[in-house]
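Architecture and fold: a report
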Amino acid sequence: NVPNTGGVCIWSQALSHPESGVVLVGDAGHGMWRSLGQGCNAALESVSVLADAIEAVDGSVSSGAGCRNIDFSTSSNKELVEAIALEYDGLRREDALAAVDLSFEGIGGTTKRAAMHSPVVFKFQILIFMILHKVTVGLVPMPVMLRIMKGDCV
């Protein structure tokens, strides 16, 4: 979906497919518009929740997702992976969807964000910084994107 504020958001119906042992972490399961600055934080939180799900299935911590404790010594790998995937989905999905919703809505209903980050405005900002760099004889640094394109060390 493309929100009115720009970018792409991903809402997943599930963050796991227990039968195949797949879990979705980060943008694969909950992609959000980058202006929130929360994409990496949300991905790291997903990894932490996955670790919590493994511990919950092991029985070393209590879980809010309702997964039963499984005896690792008598269970097959497939049963363990399915239980971990179900636990992860139960622990993470609600928060992941809430983070994507915040991104889509623009936190606080900001509707001008798209105009602030449109390609035309971005190019204009780069042009202004290039001019300032030349006029101030290097006092204002060249835009990082241009320094990278030139091969300068950033």
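Residues numbered from 1 in each chain as written. Predicted model: local features only at pLDDT ≥ 70, side-chain atom pairs only at ≥ 80, totals over all residues. Heavy atoms only, no water.

This part is about the overall build of the protein. Of regular secondary structure, the protein possesses six helices and two strands. Across the protein, helices and strands are ordered from the amino to the carboxyl terminus as β-β-α-α-α-α-α-α. Carbon together with sulfur atoms contributes 61% to the accessible area of the protein, which is approximately 9,800 Å² in total. (Helix = DSSP H or I, 4+ residues; strand = E, 2+ residues; numbered from the N terminus. Areas by Shrake-Rupley, 256 points an atom, 1.4 Å probe, with all protein chains shown as cover.)

Our next topic: the pattern of salt bridges. Counted under the stated rule, the structure contains three salt bridges. Here Lys78 ties to Glu82 by a salt bridge, and the two come within 3.1 Å at their closest N and O atoms. Of this pair, Lys78 and Glu82 both sit in helix α3 (residues 77-105), four residues apart, which is roughly one turn of the helix. The salt bridge partner of Asp89 is Arg93, with a shortest N-O separation of 2.5 Å. Of the two residues, Asp89 and Arg93 are both situated in helix α3; the distance of four residues between them amounts to about one turn of the helix. (Salt bridge = Lys/Arg side-chain N within 4 Å of Asp/Glu carboxyl O.)

Another aspect to go through is the side chain of Arg92. Residue placement: Arg92 occurs in helix α3. For Arg92, a relative accessible area of 2% puts it in the buried group. Polar side-chain contacts of Arg92 include one of 3.1 Å to the backbone oxygen of Ala42. In contact with Arg92, other than residues within four places in its own chain, are Leu15, His30, Ala42, Glu45, Ser46 and Val49. (Buried < 20%, exposed > 50% of the residue type's maximum accessible area, 1.4 Å probe, protein only. Polar contact = N/O pair within 3.5 Å; in protein donor to acceptor, adjacent residues only side chain to side chain. Contact = heavy atoms within 4.5 Å.)

On to the nonpolar core, then. Proteins that are soluble and globular tend to have nonpolar side chains buried together. Counting residues in each nonpolar core, the largest one holds nine residues, listed as Leu15, Val49, Leu50, Ala53, Val57, Ala83, Ile84, Tyr88 and Ala96. Counting residues per element, the ones that place at least two in this core are α2 (39-58) and α3. Those residues in contact with Ala96 that sit more than four places away from it in its chain are Leu15 and His30. (Core = buried A, V, L, I, M, F, W, Y, C linked by side-chain atoms within 4.5 Å.)

Quick look at the environment of Leu102 now. Position of Leu102 relative to the elements: it lies in helix α3. You can call Leu102 partly exposed: its relative accessible area is 46%. Through-space distance from the C-alpha of Leu102 to that of Trp33 is 9.5 Å; in sequence the pair is 69 residues apart.

So, on to the confidence of the model for the protein. On average, the protein scores 76 in pLDDT, and the residues at 70 or more come to 71%. For the protein, helix α4 (residues 113-116) is the element with the lowest average pLDDT, namely 50, and strand β2 (residues 22-23) is the one with the highest, namely 90. Predicted confidence is poor over residues 1-5, with pLDDT under 50, and the contacts of this stretch with residues over four places away or in other chains come to 16 contacts. (pLDDT = per-residue confidence, 0-100.)

Moving on, we get to the environment of Ala98. Inspection of the secondary structure assignment puts Ala98 in helix α3. Spatially, the C-alpha atom of Ala98 lies 9.4 Å from that of His30, the residues being 68 residues apart in sequence.

Our focus in this paragraph is α2. Under the 1.5 Å per step criterion, the end-to-end length of α2 is 29 Å for 20 residues, consistent within 8% with the ideal 28 Å. If you check which residues of α2 are buried, you get Ala42, Ser46, Val49, Leu50, Ala53, Ala56 and Val57. One side of α2 holds all its buried residues, which, seen down the axis, span an arc of 125°. Away from the buried face of α2 by more than 90 degrees, exposed residues Cys40 and Leu44 are located. Phi for Gly59, located one or two positions after α2, is positive at around 90°. (Expected span 1.5 Å × (residues − 1). Arc of directions from axis to C-beta.)

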